[in-house]
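Geometric and topological summary
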Amino acid sequence: MNSISAYAPGRAELLGNHTDYNEGFVLALAVDRGTTITGQVRNDRMIRLHSRELDKTESISFDHLLAEKVADWSRYTLGVVDQFRRNELPLGGFDAEISGNLPLGAGLSSSASLENATVLFLLKAFGGKLEPLQIAKFSQMAEHDFVGVRCGLLDQIASLMSKAAHTTFIDCRTFQVDHLPLSDKVSVIIANSGVKHALVEGEYNQRREDCEAAARELGVKALRDVSLEQLQSYKSRMSDRIYHRALHIVGENERVQLGATALRQGDLAQFGELMFASHESSQANFENSCPELDQLVAAARRTSGVFGARLSGGGFGGATINLVEQGREDEVVRALQAALPQVKCLVTTAADGALASAVAPSVR
Ligand code: ADP
Ligand code: MG
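Note that the structure is a prediction, hence the values are computed from the model and not measured.

Re the environment of E252
Take E252: it is sitting in helix α7 (residues 240–264). The class for E252 is buried, based on a relative accessible area of 0%. Excluding residues within four positions of it along the chain, E252 makes contact with G16, N17, T19, S278 and R310. Within the local environment of E252, its side chain forms a polar contact with the backbone nitrogen of G16, the two atoms lying 3.5 Å apart.

Description of the site of ligand 1
Residues in contact with ligand 1 amount to 15 residues; listed here are only the nearest, S51, E53, G105, S110 and S111. Take G107: an N or O atom from its main chain is 3.3 Å from an oxygen atom of ligand 1. Contact distances for ligand 1 include 2.8 Å between an oxygen atom and a side-chain N or O atom of S111. Examining the composition of the shell around ligand 1, we find that 3 residues originate from one element, helix α2 (residues 110–126), more than from any other.

Topic: helix α10 (residues 329–339)
The complete set of buried residues in α10 reads E329, V332, V333 and L336. Projected onto a plane normal to the axis of α10, the buried residues spread over an arc of 100° and lie on a single side. Among the exposed residues of α10, those pointing more than 90 degrees away from its buried face are D330, R334 and A338.

Looking at the sheet that holds strand β10 (residues 317–325)
Where strands meet in a sheet, backbone hydrogen bonds hold them as pairs that are either parallel or antiparallel. Pairing is antiparallel across the open sheet formed by 4 strands, whose spatial order is β9-β10-β8-β11. Of all strands in the sheet, those with a lone pairing partner are β9 (306–312) and β11 (344–348), marking the two edges. Adjacent strand axes in the sheet meet at a mean angle of 20° when their direction is disregarded. For strand β8 (residues 186–196) and β10, the ladder comprises 8 bridges, and the chain directions are antiparallel. Paired with V188 across the two strands is L323, which belongs to β10. Packed on one face of the sheet, α10 meets β8, β9, β10 and β11 and runs near 20° to β8.

Some remarks on the nonpolar core
L78, F84 and F94 are the most contacted members of the largest nonpolar core, which has 47 residues in total. For this core, the secondary structure elements donating two or more residues are β1 (4–15), β2 (25–41), β3 (46–51), α1 (75–86), β5 (94–100), α2, α3 (132–147) and α4 (154–161). Considering every element that reaches this core, the biggest residue donor is α2, with 9 residues. Ignoring sequence-local partners within four residues, the contact set of L78 consists of I47, L49, E58, I60, L65, V70 and F146. Membership of the second largest hydrophobic core comes to 29 residues, among which are V31, L180, V188 and F307.

A few points about the domain arrangement of the chain
Partitioning the chain into domains gives domain 1 (4–175) and domain 2 (182–348). Put simply, the middle of domain 1 and the middle of domain 2, counted by C-alpha atoms, are 26 Å apart. Facing 29 residues of domain 1, the contacting portion of domain 2 comprises 41 residues. Counting the surface domain 1 buries against domain 2, the share from its top three residues, L15, N17 and Y21, is 22%.

Quick look at the packing of α2 against α4
Pairs of packed helices are described in terms of their axes, by the angle between the two and the distance that separates them. With their axes 9 Å apart at the nearest point, α2 and α4 run at an angle of 60° to one another. Comparing their axes, α4 and α2 come out oblique. The chirality of how α2 crosses α4 is right-handed. Contact with α2, carried on its side by A112, S113, E115, N116 and L120, involves D155, Q156, S159 and L160 of α4 and no other residues of that element. For the contact of α2 with α4, the class distribution of residues is 3 nonpolar, 4 polar and 2 charged.

Parameters and conventions
Residues numbered from 1 in each chain as written. Chains lettered and ligands numbered in written order. Predicted model: local features only at pLDDT ≥ 70, side-chain atom pairs only at ≥ 80, totals over all residues. Heavy atoms only, no water. Helix = DSSP H or I, 4+ residues; strand = E, 2+ residues; numbered from the N terminus. Buried < 20%, exposed > 50% of the residue type's maximum accessible area, 1.4 Å probe, protein only. Contact = heavy atoms within 4.5 Å. Polar contact = N/O pair within 3.5 Å; in protein donor to acceptor, adjacent residues only side chain to side chain. Near = heavy atom within 4 Å. Arc of directions from axis to C-beta. Pairing = 2+ DSSP bridges. Axes fitted to C-alpha atoms, helices over the stretch in contact; angles between N-to-C directions. Core = buried A, V, L, I, M, F, W, Y, C linked by side-chain atoms within 4.5 Å. Domains from an automatic or database assignment. Buried area = accessible area lost by both parts, 1.4 Å probe. Parallel < 35°, antiparallel > 145°, perpendicular 65-115°, else oblique. Left-handed = near helix turned anticlockwise from the far one by under 90°. Nonpolar A, V, L, I, M, F, W, Y, C, P; charged D, E, K, R; others polar.

Given below as structure tokens:
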């Protein structure tokens, strides 16, 4: 029987922290590793999955597909199958092997990469058609409904629509995507602190609520609609905490716009300063950093060859992203390890999204 294969990469957020659910702007990129799903169509309605990384197997008939009936790890894939079923796209039974080279749970969105790869696999296997934004939405809804994580669309869009040697500018209100050239003289280092804050979900939801409260007080649909001047003129009427949360988001949206201009001008030094400023705002205004992330960013700042560094993703632990001069990666990794011995560094570059290239880059 014919073997079918689909691949989607992980992603990193270069600038624009917590802006996605505030309908703001973000600069992301696809990384040069991801998840592949390979398999064959079956003649019955059974689905059999195997994950090489986890060495686990799951099987279920898609007539009886429910999140509670299947193992956690398989819900990303089976949640996508469920989206196909609900939306009446062509579907049947299949056997598939999942394999990848992304660290799981390290902030590179192995989840979106697996979901997107699954959508592409099912389209190829059963002949359905979806527009790029619909692919992203199927992946997102799989995560909402089957995994229970109410993620935005940033991860899925960046994994699908990014372009090699470019950053992906996403307008999180219109979901319009733009590609801005990223110099081929830079590498990206993801430094995973290994820290996971115990209260991370509660803190995340609290930040979302604070942002929504700020938007309500300011009388706008989302913080995307507020300028720095407007926010400052309201300062005396807002609580200190809500003001600082809003200041972070409004500042991030402005930094993403300035960052896009800096990239268009090839000004990596300026771009790097915006990354450091983003981290400082996380520390002072949004309070979503932690000592380990601060140590990593401080070490990056002291190390020549680093343009900029900041926490990437939700915060309260997780990873920093470092924009680094090519050829200096080893020095930078050593400096980060000296600052935080348990750090795990991964060197990557801006790669094609899943829709730009149908084949996986060679596994490193
Ligand atoms: P992140 O998206 O930052 O990597 P998540 O917790 O959102 O972290 O998603 C990680 C989860 O996705 C894993 O715990 C696992 O359930 C699933 N997953 C990702 N890649 C694979 C894989 N190759 N095999 C099996 N499950 C995977
Ligand atoms: Mg994820």
